[in-house]
Amino acid sequence: MALEIERKFLVSGDFKSHAYHHEQITQGYLSSVPDRSVRVRIKGDKAYLTIKGISNASGISRYEWEKEIAIEEAKELMHLCEPGAIDKIRYYIKCGKHTFEVDEFHGENQGLIVAEIELEDETEPFVHPDWLGKEVTGDNRYYNASLVKCPFTKW
């Protein structure tokens, strides 16, 4: 398993004009318990099965295992997922030596836009673009597994 070190931020302002690529993502959860989540994701013409562990005390790091699977298998597994699904467009924005992944949510999470950045370690410095808003790292409400159960439009 690899260690995922990630920080999350709300987005305020124009970010789309900075994106070099975007793609549609649909995902469901086979398990979304706090200690671990098991996700099925269809991203463009590829699909993945991902298992994530519980976050550390700072909310920045957690274990993640991911494997590409056949898209037909992912579509079959979606039928076994818990109720609800995540529907979003992900924008990729290069900023300094990092790439921000900005998710614009649709459906029951319409109106929510979250930027994520993966780092080499928890204290690694990075460029903060003008459109980057409040940090929400460690706030469980912004985890996709939580957004399936309690969508943004119901907060």
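Here, every reference points to the structure presented above.
Before going into details, it helps to say that this report is about the structure given with it.

1. Regarding the pairing of strand β8 (residues 113-118)
For step 1, the next point in the chain: Judged from the five bridges that link them, strand β1 (residues 2-11) and β8 form a sheet pairing that is antiparallel. Looking at the pairing, L10 lines up with V114 of β8.
For step 2, the next point in the chain: With five bridges connecting them, strand β7 (residues 98-105) and β8 associate as antiparallel partners. Across the sheet, D103 pairs through a bridge with V114, a residue of β8.

2. A look at the pattern of salt bridges
For step 1, the next point in the chain: All chains considered together, the criterion is met by 14 salt bridges.
For step 2, the next point in the chain: Put simply, E4 and K52 hold a salt bridge, and the shortest N to O gap is 3.3 Å. Taken together, the positions of E4 in strand β1 and K52 in strand β4 (residues 46-53) put the pair 48 residues apart, joining distant regions of the chain. An identical accessibility class is assigned to E4 and K52; each is buried.
For step 3, the next point in the chain: Between D139 and R141 there is a salt bridge; the shortest N-O distance is 2.8 Å.
For step 4, the next point in the chain: Connected via shared salt-bridge partners are E4, K52, R62 and E64.

3. Brief notes about the side chain of K88
For step 1, the next point in the chain: Among the secondary structure elements, K88 is positioned in strand β6 (residues 86-95).
For step 2, the next point in the chain: Note on K88: relative accessible area 0%, which makes it buried.
For step 3, the next point in the chain: Sequence-distant contacts of K88, that is, excluding residues within four places in its chain, are made with E23, Q24, I25, Q27, R41, D103, E104, F105, H106 and N144.

4. Some details on the environment of H98
For step 1, the next point in the chain: In this fold, H98 is placed in strand β7.
For step 2, the next point in the chain: Overall, the relative accessible area of 7% leaves H98 in the buried class.
For step 3, the next point in the chain: The sequence separation of H98 and F126 amounts to 28 residues, and the corresponding C-alpha distance is 7.3 Å.
For step 4, the next point in the chain: Beyond its immediate stretch of four places on either side in the chain, H98 contacts I93, I117, E118, L119, E124, P125 and F126.

5. Side note on the pairing of β1
For step 1, the next point in the chain: With seven of ten residues buried, β1 is to be regarded as a mostly interior element.
For step 2, the next point in the chain: The pairing of β1 with strand β5 (residues 61-69) spans four bridges and is antiparallel. Counterpart to E4 in the pairing with β5 is R62.
For step 3, the next point in the chain: In this sheet, strand β9 (residues 132-135) lies alongside β1 in antiparallel orientation, the contact comprising two bridges.

Procedures and definitions
- Residues numbered from 1 in each chain as written.
- Predicted model: local features only at pLDDT ≥ 70, side-chain atom pairs only at ≥ 80, totals over all residues.
- Heavy atoms only, no water.
- Pairing = 2+ DSSP bridges.
- Helix = DSSP H or I, 4+ residues; strand = E, 2+ residues; numbered from the N terminus.
- Salt bridge = Lys/Arg side-chain N within 4 Å of Asp/Glu carboxyl O.
- Buried < 20%, exposed > 50% of the residue type's maximum accessible area, 1.4 Å probe, protein only.
- Contact = heavy atoms within 4.5 Å.

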